[in-house]
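# Architecture at a glance
Chain by chain, the residues run as shown.
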Amino acid sequence: MAVAELGSALVQHRTTGEPAVDDAVAGARALGVTVEAVRFVDEDPAVTATLPRGRFAAVADVAWRVDGFDRASAHAEVTVLLEQRDGATHVVGFGGGSRPDPLWLSGHLAVRRTPGVVVAGADASIVDRTVPLARRAVAEVGAVLGHPVRMVVEIPVTSAGLDRELGADEGRYAAIAAVTTYVGKDAGPRTPVHVFVNPQVFGGLSPSGAQLVMTHETTHLATDAVHAKSPLWLLEGYADHVALRDTTLPLTRTAGQIGAQVRKEGVPKELPAATAFDAHASHLGAVYEAAWRICEVLAAERGEATLLELYRRTAAGEPVGGVLHALYGFGEEELTRRWQDDLRRIAALPHRGR
């Protein structure tokens, strides 16, 4: 089977008798994927060198979308594993190298659809646990933003599978419960954006923790955070503001890490920089809590609508300092002072160990 024949099978959702191809067709059918094109690009000698004798790797450019959710197609170069046998070329698998490995190519998926949400993964139990979290998240986020939210959630088998699906370096997402990002390798204005879950971290969260993560990521998706020009403290803080908006948990839980850090080191001297949000940064939990508290200070000052306007205007490219002055009457220096006061108050709350 040549790559052209593989493309025909995927585009037409047609089985061929080749197990790897038929698994990919089953995955596409289950998720509701329309494959628009599969184009041979080149062979890959580097991946071929890692394969058993008689096998080789080719590169195919694939364009696909999830029907009813993606406005346009995702694009990625995908590694196709081939084998010469019985005088013919057979497709024996997908993936390898540093290219994305789309979830639907892996084969049979557990897929659950509800209005506005589709959740797909290889493990039906994790998919079933995630569905009500995603449904609640789109409802909560839609209520805050004032418009319906539609979302695709993809759940690979492992953390390493998440790295492979996104074409990321090994271990990039090992400590992250979920990420909202582009599908495939393009980053254009119409490229589909999905929520991708790391089952090894997400599966270990409490129900309330898992809901917080899902609503946080849904906020990113619904506000088009991947394209936003806002500072990261506002992007991440606002997502947690929405996720924690109706929580009954005490501040010693929701801001416990930043409270402990302030008791030990004093308040931060400035608003969190973008580098503080790196997935491998130290005190990452405290950084996210600190960003959330910035947004809580702003929400307490002028309410939900003004905070959302700040988010939208800075996302569109307006400088945060100018928008703060226009909406709140003060800039980043005064915001920092008020935020530091809030953190001191949190640090002084009764806590374990006192």
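Everything that follows concerns the structure shown earlier in this document.
A brief report on the enclosed structure follows. This one's a predicted model, so the numbers in the text were calculated from it and none came from an experiment. (Residues numbered from 1 in each chain as written. Predicted model: local features only at pLDDT ≥ 70, side-chain atom pairs only at ≥ 80, totals over all residues. Heavy atoms only, no water.)

On to the pattern of salt bridges, then. If you walk through the whole model with that rule in mind, you get 17 salt bridges. Where glutamate 304 meets arginine 245, a salt bridge forms, and the shortest distance between an N and an O atom there is 3.5 Å. Highlighted residues: glutamate 304 in helix α12 (residues 304–315) and arginine 245 in the loop between α8 (232–243) and α9 (251–254), separated in sequence by 59 residues. Between arginine 293 and aspartate 342 there is a salt bridge whose closest N-O contact spans 2.8 Å. One end of the pair, arginine 293, is in helix α11 (residues 284–302); the other, aspartate 342, is in helix α14 (residues 332–347), with 49 residues separating them in the sequence. Taken as a pair, arginine 293 and aspartate 342 share a single burial class, namely buried. Via salt bridges that share partners, Glu301, Glu334, Arg337, Arg338, Asp341 and Arg344 belong to a single interconnected network. (Salt bridge = Lys/Arg side-chain N within 4 Å of Asp/Glu carboxyl O. Helix = DSSP H or I, 4+ residues; strand = E, 2+ residues; numbered from the N terminus. Buried < 20%, exposed > 50% of the residue type's maximum accessible area, 1.4 Å probe, protein only.)

Empty space within the second largest pocket amounts to approximately 450 Å³. Taken together, 22 residues line the second largest pocket, and the ones lying closest to its centre are Phe69, Arg71, Arg150, Val193 and Leu221. Among the secondary structure elements, those contributing two or more residues to the lining of the second largest pocket are β7 (151–155), β9 (193–197) and α7 (207–222). Tallying contributions element by element places α7 first for the lining of the second largest pocket, with three residues. In terms of residue class, the lining of the second largest pocket is built from 12 nonpolar, five polar and five charged. (1 Å grid on protein atoms, 1.4 Å probe; cavity = no way out; pocket = protein on both sides within 12 Å on 5 of 7 lines; lining within 4 Å. Points joined across faces, edges and corners; volume = space filled by probe spheres on them. Nonpolar A, V, L, I, M, F, W, Y, C, P; charged D, E, K, R; others polar.)

Turning to its location among the elements, aspartate 44 is positioned in the loop between β1 (33–43) and α3 (45–48). With a relative accessible area of 8%, aspartate 44 lands in the buried category.

Another point: empty space enclosed by the protein. Per the counting criterion, the structure on display carries one cavity of 30 Å³ or more. There is about 60 Å³ of room inside the largest cavity. Lining the largest cavity are Trp64, Pro100, Pro102, Leu103, Trp104, Glu154, Glu165, Val183, Gly184 and Phe196. When the residues that make up the lining of the largest cavity are grouped by side-chain class, the tally is seven nonpolar, one polar and two charged.

Attention shifts here to the sheet that holds strand β4 (residues 88–94). The sheet built from four strands is open, its strands ordered β1-β2-β3-β4 with antiparallel pairing. The open sheet has two edge strands with one neighbour each: β1 and β4. Taking the axes of each pair of neighbouring strands and ignoring which way they run, one obtains an average angle of 40 degrees across the sheet. As judged from the nine bridges shared by β1 and strand β2 (residues 55–66), these two strands associate in the antiparallel manner. Within the sheet, the bridge partner assigned to arginine 39 lies in β2 and is aspartate 61. The sheet strands contacting helix α1 (residues 3–12) are β1, β2, β3 (74–85) and β4, and the helix crosses β1 at an angle near 170 degrees. Strands β1, β2 and β4 of the sheet are contacted by helix α2 (residues 19–31), whose axis makes an angle of about 45 degrees with β4. (Pairing = 2+ DSSP bridges. Axes fitted to C-alpha atoms, helices over the stretch in contact; angles between N-to-C directions. Contact = heavy atoms within 4.5 Å.)

Here five strands make up an open sheet; going across it, the order is β5-β6-β7-β9-β8 and the pairing mixed. Of all the strands in the sheet, the pair left with one neighbour each is β5 (110–114) and β8 (178–182). The mean angle between the axes of side-by-side strands here comes to 20 degrees, regardless of whether they run parallel or antiparallel. Sheet analysis places β7 next to β9, joined by two bridges and oriented parallel. Within β9, the residue paired with valine 153 across the bridge is valine 195. Lying on the sheet, helix α5 (residues 159–166) is in contact with β7, β8 and β9; it crosses β9 at an angle near 160 degrees.

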